[in-house]
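Structure assessment
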Amino acid sequence: LTLLKLLRWLRKCHVEDVGLAADIYARLDQLAFDGPGDEEFILVPGRGYLHAQDCTWKPFRSALLSRCCRLEPLSALYDRFGSSTQEALQNWVRSCPDNDAWEL
């Protein structure tokens, strides 16, 4: 897929345009893309591109646990880009770390 090549190029060149990444994620989901697998694919500005398993959609409900957690919550970054982007990311990452004993 050309979109995957574009995303890899953006990562390689350290481009951190969250709007562009959001558009690519939405379009990949429309094309029934299964997900990033083990590739660093999810843009978190300031941290670069992360594996899907290093992200969640929502943060911990506790602010203290959120600060201590290694996982990056994506909802605050990508909520504004519409339902297509939200659905794509929610298909690829865990919903919330609250139910994961390893993250506590």
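Every value quoted in this text rests on a predicted model; they were computed, and no experiment measured them.

Taken N-terminus to C-terminus, the directions of helix H1 (residues 2–12) and helix H2 (residues 18–30) make an angle of 155°; their axes are 10 Å apart at the nearest point. In terms of orientation, H1 and H2 fall into the roughly antiparallel class. At the point where H1 passes H2, the crossing takes the left-handed sense. Between H1 and H2, the residues in contact are Leu3, Leu4, Leu6, Leu7 and Leu10 and Leu20, Ile24, Tyr25, Arg27 and Leu28, respectively. Counted by class, the contact of H1 with H2 contains 9 nonpolar, no polar and 1 charged residues.

Next up on the list: the nonpolar core. With 26 residues, the main nonpolar core has Tyr25, Phe41, Leu74, Tyr78 and Trp92 as its most contacted residues. Listing elements by their share of this core, those giving two or more residues are H1, H2, strand S1 (42–44), strand S2 (48–50) and helix H5 (83–92). No other element matches the 6 residues that H2 contributes to this core. Not counting the four nearest positions on each side in its chain, leucine 74 is found in contact with Ile42, Val44, Cys55, Thr56, Trp57, Leu89 and Val93.

What counts, and at which threshold
Residues numbered from 1 in each chain as written. Predicted model: local features only at pLDDT ≥ 70, side-chain atom pairs only at ≥ 80, totals over all residues. Heavy atoms only, no water. Axes fitted to C-alpha atoms, helices over the stretch in contact; angles between N-to-C directions. Helix = DSSP H or I, 4+ residues; strand = E, 2+ residues; numbered from the N terminus. Parallel < 35°, antiparallel > 145°, perpendicular 65-115°, else oblique. Left-handed = near helix turned anticlockwise from the far one by under 90°. Contact = heavy atoms within 4.5 Å. Nonpolar A, V, L, I, M, F, W, Y, C, P; charged D, E, K, R; others polar. Core = buried A, V, L, I, M, F, W, Y, C linked by side-chain atoms within 4.5 Å. Buried < 20%, exposed > 50% of the residue type's maximum accessible area, 1.4 Å probe, protein only.

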